[in-house]
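What follows is each chain in one-letter form.
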Protein chains: 4
Amino acid sequence: MKELLKYGMVGGGPGSFIADSHRRAMRIDGETQLVAGAFSRSFEKCRQTGEELGLDPERCYADFREMARAEAARPDGIDFVVIVTPNAAHYPAAKAFLEAGIPVVCDKPLCLTVEQGEELVRLSEEKGLLFMLTYTYFGHATVRYMKEYIESGKLGKIRNVMAEYPQGWLAYEGEWGGKQGEWRCDPKLSGGVNCLGDIGTHAENMVSMVTGLKIRRLLAKLDKLVPGRVLDDNDVVLLEYEGGAVGSYWISQCAIGHRNSLQIRIYGENGSLLWKQEESEELTIVDHDGNVSKVFRGPAPSASGASFARLPAGHTEGFYEAMANLYRSYTRCLRAKKEGTFTPDMVDFPTVKEGLDSVRFIHKALESQEGGNVWVEM
Amino acid sequence: MKELLKYGMVGGGPGSFIADSHRRAMRIDGETQLVAGAFSRSFEKCRQTGEELGLDPERCYADFREMARAEAARPDGIDFVVIVTPNAAHYPAAKAFLEAGIPVVCDKPLCLTVEQGEELVRLSEEKGLLFMLTYTYFGHATVRYMKEYIESGKLGKIRNVMAEYPQGWLAYEGEWGGKQGEWRCDPKLSGGVNCLGDIGTHAENMVSMVTGLKIRRLLAKLDKLVPGRVLDDNDVVLLEYEGGAVGSYWISQCAIGHRNSLQIRIYGENGSLLWKQEESEELTIVDHDGNVSKVFRGPAPSASGASFARLPAGHTEGFYEAMANLYRSYTRCLRAKKEGTFTPDMVDFPTVKEGLDSVRFIHKALESQEGGNVWVEM
Amino acid sequence: MKELLKYGMVGGGPGSFIADSHRRAMRIDGETQLVAGAFSRSFEKCRQTGEELGLDPERCYADFREMARAEAARPDGIDFVVIVTPNAAHYPAAKAFLEAGIPVVCDKPLCLTVEQGEELVRLSEEKGLLFMLTYTYFGHATVRYMKEYIESGKLGKIRNVMAEYPQGWLAYEGEWGGKQGEWRCDPKLSGGVNCLGDIGTHAENMVSMVTGLKIRRLLAKLDKLVPGRVLDDNDVVLLEYEGGAVGSYWISQCAIGHRNSLQIRIYGENGSLLWKQEESEELTIVDHDGNVSKVFRGPAPSASGASFARLPAGHTEGFYEAMANLYRSYTRCLRAKKEGTFTPDMVDFPTVKEGLDSVRFIHKALESQEGGNVWVEM
Amino acid sequence: MKELLKYGMVGGGPGSFIADSHRRAMRIDGETQLVAGAFSRSFEKCRQTGEELGLDPERCYADFREMARAEAARPDGIDFVVIVTPNAAHYPAAKAFLEAGIPVVCDKPLCLTVEQGEELVRLSEEKGLLFMLTYTYFGHATVRYMKEYIESGKLGKIRNVMAEYPQGWLAYEGEWGGKQGEWRCDPKLSGGVNCLGDIGTHAENMVSMVTGLKIRRLLAKLDKLVPGRVLDDNDVVLLEYEGGAVGSYWISQCAIGHRNSLQIRIYGENGSLLWKQEESEELTIVDHDGNVSKVFRGPAPSASGASFARLPAGHTEGFYEAMANLYRSYTRCLRAKKEGTFTPDMVDFPTVKEGLDSVRFIHKALESQEGGNVWVEM
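Residues numbered from 1 in each chain as written. Chains lettered and ligands numbered in written order. Predicted model: local features only at pLDDT ≥ 70, side-chain atom pairs only at ≥ 80, totals over all residues. Heavy atoms only, no water.

1. Some details on the side chain of Arg328(B)
Then, number 1: Here Arg328(B) lies in helix 11 (residues 319-339).
Then, number 2: Here the side chain of Arg328(B) touches Asp29(B) through a polar contact of 3.0 Å, side chain to side chain.
Then, number 3: Those residues in contact with Arg328(B) that sit more than four places away from it in its chain are Asp29(B), Ser307(B), Phe308(B), Ala309(B), Arg310(B) and Arg24(C). (Helix = DSSP H or I, 4+ residues; strand = E, 2+ residues; numbered from the N terminus. Polar contact = N/O pair within 3.5 Å; in protein donor to acceptor, adjacent residues only side chain to side chain. Contact = heavy atoms within 4.5 Å.)

2. Side note on the side chain of Thr134(D)
Residues and elements named next belong to chain D.
Then, number 1: Tracing the sequence through the fold places Thr134 in the loop between strand 5 (131-133) and helix 6 (141-151).
Then, number 2: Given the relative accessible area of 0%, Thr134 is considered buried.
Then, number 3: Those residues in contact with Thr134 that sit more than four places away from it in its chain are His22, Val105, Cys106, Asp107, Lys108, Leu326 and Tyr327. (Buried < 20%, exposed > 50% of the residue type's maximum accessible area, 1.4 Å probe, protein only.)

3. As for the relation of the copies chain C and chain D
Here two copies of a chain appear, and what relates them is a rotation about an axis with a shift along it.
Then, number 1: Of the transformation placing chain C onto chain D, the axial shift is 0.0 Å and the rotation is 180°, giving an RMSD of 0.0 Å. Here the symmetry operator amounts to a two-fold rotation axis. Relative to the rotation axis, the C-alpha of Val374(C) is the closest in chain C, positioned 3.6 Å from it. (Least-squares fit on C-alpha atoms with pLDDT ≥ 70 in both.)

4. Side note on the pairing of strand 8 (residues 234-241) of chain D
Residue and element names in this part refer to chain D.
Then, number 1: Along strand 8, 8 of the 8 residues are buried, which leaves the element largely enclosed by surrounding structure.
Then, number 2: Alternating residues of strand 8 divide into Asn234, Val236, Leu238 and Glu240 and Asp235, Val237, Leu239 and Tyr241, and every residue in both groups is buried.
Then, number 3: Relative to strand 8, strand 7 (residues 215-223) runs antiparallel, the two being bridged by 8 bridges. Of the residues in strand 8, the one forming a bridge with Leu218 is Leu239.
Then, number 4: The pairing of strand 8 with strand 9 (residues 246-252) spans 7 bridges and is classified as antiparallel. (Pairing = 2+ DSSP bridges.)

5. Examining the interface of chain C and chain D
Then, number 1: Facing the 43 residues of chain C at the interface are 44 residues of chain D.
Then, number 2: Both sides of the chain C and chain D interface together cover about 3000 Å² of buried area, and 57% of this is carbon and sulfur.
Then, number 3: Between Glu164(C) and Arg265(D) there is a salt bridge, and its shortest N-O distance comes to 2.8 Å.
Then, number 4: The interface formed by chain C and chain D includes 16 residue pairs in polar contact (both at pLDDT 80 or more).
Then, number 5: In terms of residue count, strand 8 (residues 234-241) of chain C provides more of the side of chain C that touches chain D than any other element does, 5 residues in total.
Then, number 6: Class assignment of the residues belonging to the side of chain C that touches chain D gives a composition of 19 nonpolar, 13 polar and 11 charged. (Buried area = accessible area lost by both parts, 1.4 Å probe. Salt bridge = Lys/Arg side-chain N within 4 Å of Asp/Glu carboxyl O. Nonpolar A, V, L, I, M, F, W, Y, C, P; charged D, E, K, R; others polar.)

6. Focus on the interface of chain A and chain C
Then, number 1: Taken together, the contact between chain A and chain C spans 4 residues of the former and 4 residues of the latter.
Then, number 2: The contact between chain A and chain C buries some 360 Å² in all, and 60% of this surface belongs to carbon and sulfur atoms.
Then, number 3: Among the residues of chain A in contact with chain C, Val292(A), Lys294(A) and Phe296(A) are the three that bury the most area, contributing 76% of the side total.
Then, number 4: Inspection of the chain A/chain C interface yields 0 salt bridges.
Then, number 5: Residues of the side of chain A that touches chain C, tallied by class, amount to 2 nonpolar, 1 polar and 1 charged.
Then, number 6: Examined bridge by bridge, strand 13 (residues 292-296) of chain A and strand 13 (residues 292-296) of chain C share 3 bridges and lie antiparallel to one another. Across the sheet, residue Ser293(A) finds its bridge partner in strand 13 of chain C, namely Ser293(C).

7. Topic: the relation of the copies chain A and chain C
Then, number 1: Turning chain A through 180° and shifting it by 0.0 Å along the axis lays it on chain C, with an RMSD of 0.0 Å.
Then, number 2: A shared interface surface links the copies, since 100% of the contact residues of chain A are contact residues in chain C too.

8. Topic: the sheet that holds strand 4 (residues 104-106) of chain A
All names here are of chain A.
Then, number 1: Read from one edge to the other, the open sheet built from 5 strands follows the order 2-1-3-4-5, with strand pairing classed as parallel. Whereas interior strands pair on both sides, the edge strands pair on one side only; in this sheet they are strand 2 (32-38) and strand 5 (131-133). Within this sheet the neighbouring strands show an average axis-to-axis angle of 20°, counted without direction.
Then, number 2: The pairing of strand 1 (residues 5-10) with strand 2 spans 6 bridges and is classified as parallel. Note that in strand 2 the partner of Tyr7 across the bridge is Leu34.
Then, number 3: Across the sheet, helix 3 (residues 64-73) is in contact with strand 1, strand 2 and strand 3 (80-83); its angle to strand 2 comes to roughly 130°. (Axes fitted to C-alpha atoms, helices over the stretch in contact; angles between N-to-C directions.)

9. Some thoughts on the pattern of salt bridges
Between side chains of opposite charge, pairing is possible as soon as their charged atoms come close.
All names here are of chain C.
Then, number 1: Per the stated rule, a full pass over the model turns up 124 salt bridges over all chains.
Then, number 2: Between Arg59 and Glu71 there is a salt bridge, with its nearest N and O atoms 2.7 Å apart. Of this pair, Arg59 sits in the loop between helix 2 (43-52) and helix 3 (64-73) while Glu71 is found in helix 3, placing the two residues 12 residues apart along the sequence.
Then, number 3: The class for Arg59 is buried, based on a relative accessible area of 6%.
Then, number 4: Given a relative accessible area of 2%, Glu71 falls into the buried group.
Then, number 5: For Glu118, the salt bridge identified is with Arg360, shortest N-O distance 3.0 Å. Of the two residues, Glu118 is situated in helix 5 (residues 114-127) and Arg360 in helix 12 (residues 352-370); the sequence distance between them amounts to 242 residues.
Then, number 6: Residue classification places Glu118 among the partly exposed residues on the basis of a relative accessible area of 35%.

10. Some thoughts on the environment of Ala94(A)
Residue and element names in this part refer to chain A.
Then, number 1: Take Ala94: it is sitting in helix 4 (residues 90-99).
Then, number 2: Under the relative-accessibility criterion, Ala94 is labelled buried at 0%.
Then, number 3: For the pair Ala94 and Thr211, spaced 117 residues apart in sequence, the C-alpha separation works out to 28 Å.
Then, number 4: Not counting residues up to four positions away in its chain, the partners in contact with Ala94 are Ile83, Val104, Leu120 and Phe131.

11. Regarding the packing of helix 9 (residues 195-211) of chain D against helix 12 (residues 352-370) of chain D
Residue and element names in this part refer to chain D.
Then, number 1: In the contact formed by helix 9 and helix 12, the axes pass within 9 Å of each other and the chain directions differ by 120°. Put simply, helix 9 runs oblique to helix 12. Once helix 9 is placed against helix 12, the crossing between them reads as right-handed. For the pair helix 9 and helix 12, contact is made by Leu196, Gly197, Gly200, Thr201, Glu204, Asn205 and Met209 and by Glu354, Asp357, Ser358, Phe361, Ile362 and Ala365, respectively. (Parallel < 35°, antiparallel > 145°, perpendicular 65-115°, else oblique. Left-handed = near helix turned anticlockwise from the far one by under 90°.)

12. As for the sheet that holds strand 5 (residues 131-133) of chain B
All names here are of chain B.
Then, number 1: Ordered by their spatial adjacency, 5 strands build an open sheet running 2-1-3-4-5, and the pairing between neighbours is parallel. Of all strands in the sheet, those with a lone pairing partner are strand 2 (32-38) and strand 5, marking the two edges. Across the sheet, the mean angle separating the axes of adjacent strands is 20° when strand polarity is ignored.
Then, number 2: Here strand 1 (residues 5-10) runs beside strand 3 (residues 80-83); their pairing, made up of 4 bridges, is parallel. Looking across to strand 3, one finds that Tyr7 is bridged to Phe80.

13. Some remarks on the pairing of strand 6 (residues 158-166) of chain A
Residue and element names in this part refer to chain A.
Then, number 1: Across the 9 residues that make up strand 6, a large majority, 9, are buried.
Then, number 2: Taken together, the 6 bridges between strand 6 and strand 10 (residues 263-268) define a ladder with antiparallel strand orientation. Bridging across to strand 10, Met162 finds its partner in Arg265.
Then, number 3: Examined bridge by bridge, strand 6 and strand 9 (residues 246-252) share 7 bridges and lie parallel to one another. From the neighbouring strand, Asn160 faces strand 9, where its bridge partner is Val246.

Shape descriptors only; they carry no functional weight alone.
Here it is as structure tokens:
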């Protein structure tokens, strides 16, 4: 039997949607085992969560720093840690584990400031530790097809990118949608940016990873449309990329009717691509002459398609499988490290560097907003 | 038998797609009769077109000014004129007919400069002449439903408007798509604005007429993405409306895969609306709680629906019927004028004033672009 | 100027939806002129309709037989007649005009009995008169693409045809949907078959004309699902065609949620085709390997596409334009007859023969139903 | 920590798609643990699979009978068995475990003959053992909404059911699509029915469970459309249910363009419902007046929605989650049995009785086919 990789978790106490998703996603492929955790700032709650998850009580920690030290010291310590706290705790937690020599998986956004991000990049490089940011949607096989299609040159030079990520759940005055909404709308917990940091970075990261385009400058307009909101809830960012392409991202959490409508459209000189998260089993490809066709997730139509195949086309995969694909990539690299066969080109997941790119993106957008929606160079 | 209204046409020689559309659209309802024309700058071609259309050769004119004078002088002169020339000729032609006391229907955009537009507004008011701009898509019954839905208050206060109008036919380097592309890409004929003036004004007009929102200020980014293009072919305009709503319009003629994809999404505090020109038989309505439903063109679901009903739902109507609806509105008013029953609230079509709004919009966008994508007050 | 073809109309008094559609459709292309009519069994109403339509009162007839005689005798008599009465009057009217030597356009279904249909086929052949049945949906350019695609051999041998035509407007107990429903649910007026004759023949005709398949035998189940209905309102017909293909047609007028949802799916050994009337601007083509693509109405993608082009793709055409396409085909042949250039291969519209096929189809289906849903040979 | 339920597996050696799906699905919720198996008729392969899955070699059995005896005898024996062999082995395996007193989960179809099915029903009742048939698609929360919607009476009396399940993967002559196709096209392994038994039963079961309708009689037409096929690959079944409703099911494995297109449409006197497996996150509801709306999987809109909620709407779930929902229902009942709180009304999954219904359905369909497509009473 293949040995399971052992992981620990920071954050993920009762009611945490994203921690639950990480755990379920990993179980689908059955390559990992949760053995340690600092699930909550309350030790009580942490122990309780640990018990529910079948953990050895010794490995339920009151504090992530203690966990990092203790796990690093154990001969059977964790192979990696998964950080799924509110945004503000990402940085100190990631730092603690990197310093303890433990590879990190961190939910997005990476951290609150560019300096923090730079430090995490530096630390992970110095220590030679694999660091994945879980931009879940990049995990979809159809998104990998997009990337491959572009890399193959079939789209030609990219001219324009239209990305959007509207949601409607925070459209209501005086309502925050429960625990989720609470910390997302609280400046202290979320780092001063609500909508753009929370979901805008998904759009930014996907465009960046799929197209390879580097932002040259941007102009952002961050609005608070729901009365009483203290953080932005509807944003537009105009972009110019190196090489001449342009882009526009629309991000909203107050667009009633949208559940989770991340969408990316890429226009090249020889055609275009359309991908929608809510219909993630398909990718629309338009060729040079405007002929429209669809390809579907499945063993075909690409090498990465085969690599991420579980179910035949028509048997739907979703959010958990996308996240499981990220872990499939990450654990493949971790195992290769253990076996001494790792090479840097094996990394096919978002890393701490892409995490830093996103933090820069947020800060430049804030700078543009504060300057009166002016162009800001990256 | 109902007496047919007599009309003349300026522009619309061989190969004119839009003139042909106007003539076909009017024939659907059979309320009008073409009796005069200055179809081309070449008298030869004008006579030929007139012959093909069954006109009395005497009423084929070498020049629109001559036509205006002659028709105004005839006892059986035209009841209105339809101007379907390239953009640059709209103003002088409209002016000539207004001065001759003849009501005008003019294709969009109204004219090239704000001063021209102001003069045409003034002239039409002074003379008391009905002046319609044929923003065709406003003619769809489903678009009228949107307007009524908003006016009813069901959507609540509007917060955000996302409009887009991408096409792909001018995406190709060194190709202009025949006669259509030629004058649209030629600064002299098109008045210095290609994409924004040609199709962006459809988006601007529809948002304006459907929502009633007034633009307070805008920030425009007009790009030339296809190598060799001298006029913009891909534009984004950010908007702030009076009262606090925001908006974003994307207009492109180089987005391969889009045939004619005008789309408007309106987000209010109590729901949202989605309309797509290419699926113009339906309107998507989202209520306060995010429930999604569709209504379809047909005698239901509104007073204007009944007023513009020809075919039952499921028997598709299209572009010609939308244009015919505009003419239905216009001729209803013209007949009321003749019969002395006209009142200003009967006007339910885009007028010279909306035409002027569009010209202002274009010029403010150009100003914003020239200033480096800065905010420009309306 | 091209001379207009003169036509007369039988049926089409006040409130007739289908007569109105024929008149509007013809006006779109402006090739014909209505000059005579026997619009109603009431002479009063006939005169009134004629007056509204601008006809010479002399050419408003109390009776279609009188009209046939009188028009045949005039030097400026009609070039063809359009029959848009309730079903039961199709046969005597068509017979009268054929005997008078006047070409006929008749709405579907052709007539009530196979004997009537055979007589009309014989008469039209003996007299050498063009006879069109207006199966409107065959007029769509996208339907012609289907036909051409199949004729090109790209689909390979056809294996299975799934056609359906559900509507919902007669789903309500004790309601007949106004005048339309009234005669459609009355056995005397409709000829004893409601749903199958009224809309099922659209499916049968389209499959027949698009695929060229000949029915070898059929098994029909005609149901009355709405309490109180005296005629069928929900039907399934199983088919075996010559050559081994099979098929299944579902027809319903009590399927709430469907407006007018004719749909045809054709499965061959090398791919499949899907066409939906309510999305008639597109055709879905699946190739041998299951790749899905869409083609859109427009000048491309075929010879007939160019021949039936009015508007560029993305500018929607609909029901009237489909019907206008049939008239375009018919008048082209009529003119060729006048000019002596007609050849039988020019006929690209449904004729009296296809009309007879439909009547046979209905009668065989009734026979199967009466036999207890047994196979009946054609 | 909640104690994991222990299960064993019969079938599921290398390359078994469905066994792999069962294991992954169960892991998502983390309520069960695989501890024993008879994965293959080859002991070698069985041991190898067991090793890969981390099983104690002692609990890898050469034979399912041995496994049933041995596990029943262990104090830590399995809580239930999952049977995922080719169809022909379902019956003997299920029998062996029932006789050993072990609850059974069996993939569909239940068995090959009605007699076998009756015996399994009897055995499971006598022994009081929970027996689930994994009709996966019933697990979708949206399918449960359908069932609840109908039970609520909102649809009124059901009049017509249109179900279809086309696939395209067996459309190719001389190709069987690998291991999957091989046993599905081999009469000995599949029990003499290919398409109808394999996927037709999904349609039959879903209609039955969602609507509660009982089949009164059926008429089936089972065709072999691909040259060389020895079993049916394209079927139509006409149905009459008790109470007067009618139905029609179309099942195909040679319909190129369809990946896995199970679809169910239910027409009632007060509206209709539409559900598509490939868009399983939504359900289309049409009300009495034909208004069309969509509801989406998520905590809302029903009690069972909340009960099966993992991810918020817009975060896609798929095939594995549907199957996990079945196991969620099943293990809830198993635990209740252990705790003595079980009551029969807790059973909300397809059982051995529904499995027997499906076998009867297949055999009646074969009888109808052999009789020349005649009506056969249930």
